[in-house]
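Here are the chains, one letter per residue:
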Amino acid sequence: MKCLVTGAAGFIGFHLCKALLNRGAEVWGIDDFSSGKEERFHELSKDRSFHGLPGPLDAVSGLAEIIKQVALIYHLAAVVGVKRYVEDPVRVIETNVCQGAMLLRLAQLHRRKIVFTSTSEVYGKSSVLPFNESADRLYGSSLTSRWCYAISKSAAEHLCLGYAARGLPVVILRYFNVYGPHGDSSVYGGVANCFIKQALEGKPLTVHGDGRQTRCFTYIDDIVAGTIAAGEAPAAVGHIINLGTDKEISILDLARLIIRLSGSEGGLIFQPYEEFYGFSYEDVPRRVPDISAARRLLNYRPAVPLEEGLQRTLDWHRRKRAEVTNEKGRQS
Ligand code: UDP
């Protein structure tokens, strides 16, 4: 199987490429390294079946030729991370909508199947739980830039469905709060990886607001398994599918759990939203997916419970930190 993965040096893209290569696929990976890491291309390139192409999608030469060669496209390249949406809506929309549109046009031209990765953000602040793929979306004002990400992915979903109506085989996946080894633990990353970093540094975990907002966290291996299945299962074509777990936890309880698992003595603090995101911010109070479509269409069974996934992620962060310390020791 030959595939193209956009966003191949990102957190999910990197894991996806590894899994595809392990299954014997030949993989072309594109990434502009805006948030993806170049060293991941070096790591992937140890397998001769990986071909890394640096650059934004619209600047990669010979993209049409690559698309002609592959059977399947996984489109993961996007501007992600809530703080980034708030800081740079122009880049969010230009990347997520315009580059997505260009890729879809090429996929249509060469009749290549595409798995388009969308997000649970698309549901916005709807309070009709669990979120079913056909449910209404509810967004706040345009003056609150947080919503530009949901709008950008929503627009891209409409494009996908438009092309699907013209005969293009498309699958749309909506990911729910993915975490795990290699996840971004900077201020632009997801909360689970950020909390783990804070805990290992002995710093207080920064719980935004009162911490009663909830999410359902999904371990990276479950996301990768669902994504590969979406590329392979004929029944998935033409569908929007939630990929996540339905185990809801508040951010405050997540912080307490990570403190317990890590043994951190730094405790936690409550941080006002405005202090972290600025004033143009509005949070999603609860987020829970209906995953029955994934079960039915992809035979998707999330296998890694939260505590185990956090433990694996903690272990990975600890190993990374030890490597960095050893490296510094060698250099001095
Ligand atoms: N959050 C937090 N502390 C942090 C980072 C995030 O309390 O250091 C909160 C954030 O305000 C939100 C939830 O954790 O309520 C999940 O945030 P994340 O950025 O992971 O993604 P989201 O689910 O909002 O897209």
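To be clear, the structure that these remarks concern was listed above.
Summary of the structure given here.

1. Some words on the overall build of the protein chain
Per the secondary structure count, the protein chain includes 12 helices and 13 strands. Reported as C-alpha extents along the three principal axes, the dimensions of the protein chain are approximately 55 × 50 × 35 Å. Scored against the burial criterion, the 332 residues of the protein chain give a buried share of 54%. When contacts within the protein chain are restricted to residue pairs at least 6 apart in sequence, long-range pairs at least 24 apart make up 80% of them. Within the structure as shown, the protein chain displays about 14600 Å² of accessible surface, and the carbon and sulfur contribution to it stands at 52%. One way to put it: in the protein chain the 40 positive side-chain charges average out to a point 3 Å from where the 36 negative ones average out.

2. A few points about the site of the ligand
Surrounding the ligand, one finds 17 residues, the nearest of these being Thr206, His208, Arg215, Asp283 and Arg287. Between the ligand and Asp283, the relevant distance is 2.6 Å, taken from an oxygen atom to a side-chain nitrogen or oxygen of the residue. The protein chains hide 94% of the 520 Å² of surface that the ligand would expose on its own. Listed by contribution, the elements that provide at least two residues to the shell around the ligand are helix H7 (191-200), strand E8 (205-208) and helix H10 (273-277).

3. Digging into the sheet that holds strand E1 (residues 2-6)
The sheet built from 7 strands is open, its strands ordered E3-E2-E1-E4-E5-E6-E11 with parallel pairing. Of all strands in the sheet, those bounded by a partner on one side alone are strand E3 (50-54) and strand E11 (240-243). In this sheet, neighbouring strand axes are inclined to one another by 20° on average, regardless of whether the strands run parallel or antiparallel. Packed onto the sheet, helix H1 (residues 11-22) meets E1, strand E2 (26-31), E3, strand E4 (72-75) and strand E6 (170-175) and runs at close to 170° relative to E1. The sheet strands contacting helix H5 (residues 89-110) are E1, E4 and strand E5 (113-119), and the helix crosses E4 at an angle near 170°.

4. What to know about helix H9 (residues 251-262)
The end-to-end C-alpha distance of H9 is 16 Å, a good match for the 16 Å that 12 residues give at a rise of 1.5 Å each. Among the 12 residues in H9, 9 count as buried, and that is most of the element. Every buried residue of H9 is listed here: Ile251, Leu252, Leu254, Ala255, Leu257, Ile258, Ile259, Leu261 and Ser262. In this structure, the buried side of H9 is in contact with H7, E8, strand E9 (214-216), strand E12 (248-250), strand E13 (268-271) and helix H12 (306-331). Note on H9: the residue one or two positions beyond its end, Gly263, has a positive phi of about 75°.

5. A look at the side chain of Ser264
Looking at the secondary structure, you find Ser264 in the loop between H9 and E13. The class of Ser264 is buried, set by a relative accessible area of 13%. Separated by 3.1 Å, the side chain of Ser264 and the backbone nitrogen of Gly266 make a polar contact. Those residues in contact with Ser264 that lie beyond four places of it in its chain are Ala199, Gly202, Lys203 and Ile259.

6. Digging into the layout of surface pockets
One number sums up the size of the second largest pocket: a volume of about 560 Å³. Lining of the second largest pocket is provided by 19 residues; of these, Lys37, Glu39, His182, Trp316 and Lys320 occupy positions nearest its centre. At the level of elements, helix H2 (38-44) and H12 are the ones that each hand at least two residues to the lining of the second largest pocket. No other element matches the 8 residues that H12 contributes to the lining of the second largest pocket. Across the lining of the second largest pocket, the residue classes tally to 3 nonpolar, 5 polar and 11 charged.

7. Comments concerning the pairing of E5
Burial analysis of E5 places 7 of its 7 residues in the buried class, which makes it a mostly covered element. As for the winding sense of the linkage, the β-α-β connection from E5 through helix H6 (residues 147-165) to E6 is right-handed.

8. Here's the deal with the pairing of E2
E2 sits mainly inside the fold: 5 of its 6 residues count as buried. As paired strands, E1 and E2 are joined by 5 bridges and run parallel to one another. Residue pairing for E2: Thr6 is matched across the bridge by Ile30. Note that the unit made of E1, H1 and E2 has a crossover that is right-handed. Bridging between E2 and E3 involves 5 bridges; their strand directions are parallel. Bridging across to E3, Val27 finds its partner in Phe50. Where the polypeptide runs from E2 across H2 and back to E3, its parallel neighbour, the crossover connection is right-handed.

9. Some remarks on the packing of H7 against H9
Viewed as axis vectors pointing N to C, H7 and H9 meet at an angle of 40°, and their least axial separation amounts to 10 Å. Taken as axis vectors, H7 and H9 run oblique relative to one another. By crossing handedness, the relation of H7 to H9 is classed as right-handed. Of the residues in H9, those touching H7 at Val191, Ala192, Phe195, Ile196 and Ala199 are Ile251, Leu254, Ala255, Ile258 and Ser262. When the residues that make up the contact of H7 with H9 are grouped by side-chain class, the tally is 9 nonpolar, 1 polar and no charged.

Thresholds, definitions, all that
Residues numbered from 1 in each chain as written. Predicted model: local features only at pLDDT ≥ 70, side-chain atom pairs only at ≥ 80, totals over all residues. Heavy atoms only, no water. Helix = DSSP H or I, 4+ residues; strand = E, 2+ residues; numbered from the N terminus. Buried < 20%, exposed > 50% of the residue type's maximum accessible area, 1.4 Å probe, protein only. Contact = heavy atoms within 4.5 Å. Areas by Shrake-Rupley, 256 points an atom, 1.4 Å probe, with all protein chains shown as cover. Lys, Arg positive; Asp, Glu negative; His and termini not counted. Charge placed at Lys NZ, Arg CZ, Asp CG, Glu CD. Near = heavy atom within 4 Å. Polar contact = N/O pair within 3.5 Å; in protein donor to acceptor, adjacent residues only side chain to side chain. Pairing = 2+ DSSP bridges. Axes fitted to C-alpha atoms, helices over the stretch in contact; angles between N-to-C directions. Expected span 1.5 Å × (residues − 1). 1 Å grid on protein atoms, 1.4 Å probe; cavity = no way out; pocket = protein on both sides within 12 Å on 5 of 7 lines; lining within 4 Å. Points joined across faces, edges and corners; volume = space filled by probe spheres on them. Nonpolar A, V, L, I, M, F, W, Y, C, P; charged D, E, K, R; others polar. Right-handed = clockwise from strand over helix to strand, strands pointing away. Parallel < 35°, antiparallel > 145°, perpendicular 65-115°, else oblique. Left-handed = near helix turned anticlockwise from the far one by under 90°.

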